[in-house]
Amino acid sequence: MLQVAPIPQTPAEPYVPAKEPLVTTQPTTEQVTPEPHILKDLASVERLLFTKRLRVKSVLFLRGKKNRFLVRTPDQNLVYTVEEQNSWWVGYFCYGLRPLQLHVRDNAGVEVMRINRPYACTSRILPCHLQRIQVFSPPGNPIGTIEQQWAPVRPIYLVKKENGEHAFWLKGPLVTISFFREVRFSVCRADGTPAGSTCKRWQGLLHALFLAPITDRFGIAFDRDLTVEEKALLLAATLLLDYMYYDA
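Because the structure is a prediction, the values reported are computed rather than measured. Just so you know, the residues in each chain are numbered from 1, in the order the chain's sequence is written. In keeping with the model being predicted, local features are shown solely for residues with a pLDDT of at least 70 and side-chain atom pairs are shown and tallied solely at 80 or more, while totals for entire chains, interfaces and linings include all residues. The basis for every side-chain value is the complete set of heavy atoms in the structure, and neither hydrogens nor water enter the calculation.

(A) The arrangement of the packing of aromatic side chains in detail. Stacked, tilted and edge-to-face are the three classes applied to pairs of Phe, Tyr and Trp rings, where Trp contributes its six-membered ring and a pair requires centres within 6.5 Å; stacked means planes under 30 degrees apart, edge-to-face means over 60, and tilted covers the rest. The tally for this structure, following the rule as stated, stands at 8 aromatic pairs. Ring geometry for Phe179 and Trp202: centres 5.8 Å apart, planes at 70 degrees, overall edge-to-face. You can see Phe179 sitting in the loop between β9 (166-171) and β10 (183-189) and its partner Trp202 sitting in the loop between β11 (194-200) and α3 (205-211), a full 23 residues away along the chain. Among the residues examined, Phe179 registers a relative accessible area of 47% and is labelled partly exposed. Ring plane angle 35 degrees and centroid distance 5.7 Å describe the contact between Phe185 and Tyr245, whose orientation is recorded as tilted. Separated by 60 residues along the polypeptide, Phe185 in strand β10 and Tyr245 in helix α4 (residues 228-245) bring together distant segments of the chain. Three labels apply to residues, based on accessible area from a 1.4 Å probe with only protein chains included: buried if under 20% of the type maximum, exposed if over 50%, partly exposed otherwise in between. The class of Phe185 is buried, set by a relative accessible area of 2%. Chaining the aromatic ring pairs together yields one cluster made of Phe50, Phe69, Phe218 and Tyr243. Starting at the N terminus, helices and strands are each numbered in turn, a helix being any DSSP run of H or I of at least four residues and a strand any DSSP run of E of at least two.

So, in structure tokens, the structure goes:
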């Protein structure tokens, strides 16, 4: 009987899992542009000129004594408009010491800064109840304060950042009356190095006698390398000095 040879089995090939194609992600070249700072208009500014105008109609119709400030660069470009807000009666009794809020708006009408000033008697005899204003930018976000220091002769103000760090000193002359001369307050850093100055302009005898309570001009100069928050604090300090010594 014939025997049939067994059929040889083919060796099983080892199982090799299929390789999935690698998915390479291309790096995105699109970069997120940071939003500009709300005080961006102060970034490249070295000098600011203030023009103050009293709202005469509000005074005549007993709506309160309120000022309006136009803040410009030396080439007359409008940077900010400052509007005063207060109770209708305080301007008639408290004059330049009146409590108020100042709303600072840019050219688009956006409020970029708010200055809050409570009432203080600012006595030079006793070191009590001196001036202290708060600065917010944007409104609701405090960035610092300006505090009056007790001094029997020369006015001195301390500018602080929100964290309590001493940023600047403002020191005035012995005589703050602007009569036939300009009045300057020096601005110094905490270490004593100069950082700028404010200037109350003398505009003539006719202006001093008749127009000073209605309109006035003054300005400030500071170093370009200051941060926008520091420039905003010095802007607020300049407005405080005008109310303290030159607001009728």
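(B) Main features of the side chain of Asp247. As for its position among the elements, Asp247 is in the segment after α4. By relative accessible area, which is 12% here, Asp247 ends up buried. Polar contact is defined as a pair of N or O atoms within 3.5 Å, subject to the rule that within protein one atom must be able to donate a hydrogen and the other to accept it, and that residues adjacent in sequence are counted only when both atoms are side-chain atoms. Of note is the side chain of Asp247, whose polar atom sits 2.8 Å from the side chain of Asn67. At a separation of 2.8 Å, a polar atom in the side chain of Asp247 contacts the side chain of Arg98. Contacts between residues were defined by any pair of non-hydrogen atoms, one from each residue, lying within 4.5 Å. The contacts of Asp247, once residues within four sequence positions are left out, are Lys52, Lys65, Asn67, Tyr95, Gly96, Arg98 and Asp242.

(C) Region of the structure containing the pairing of strand β5 (residues 111-117). The buried count for β5 comes to 5 of 7 residues, which makes it a mostly enclosed element. Bridge count for strand β4 (residues 100-105) against β5 is 6 bridges, and the pairing is antiparallel. The partner of Gln101 across the bridge, within β5, is Asn116. DSSP-based pairing: two strands are paired if at least 2 bridges between them are found. As defined by bridge partners, β5 adjoins strand β6 (residues 132-136) across 3 bridges and the pair is classed as antiparallel. Each residue of the ladder has a partner; that of Asn116, found in β6, is Gln134.

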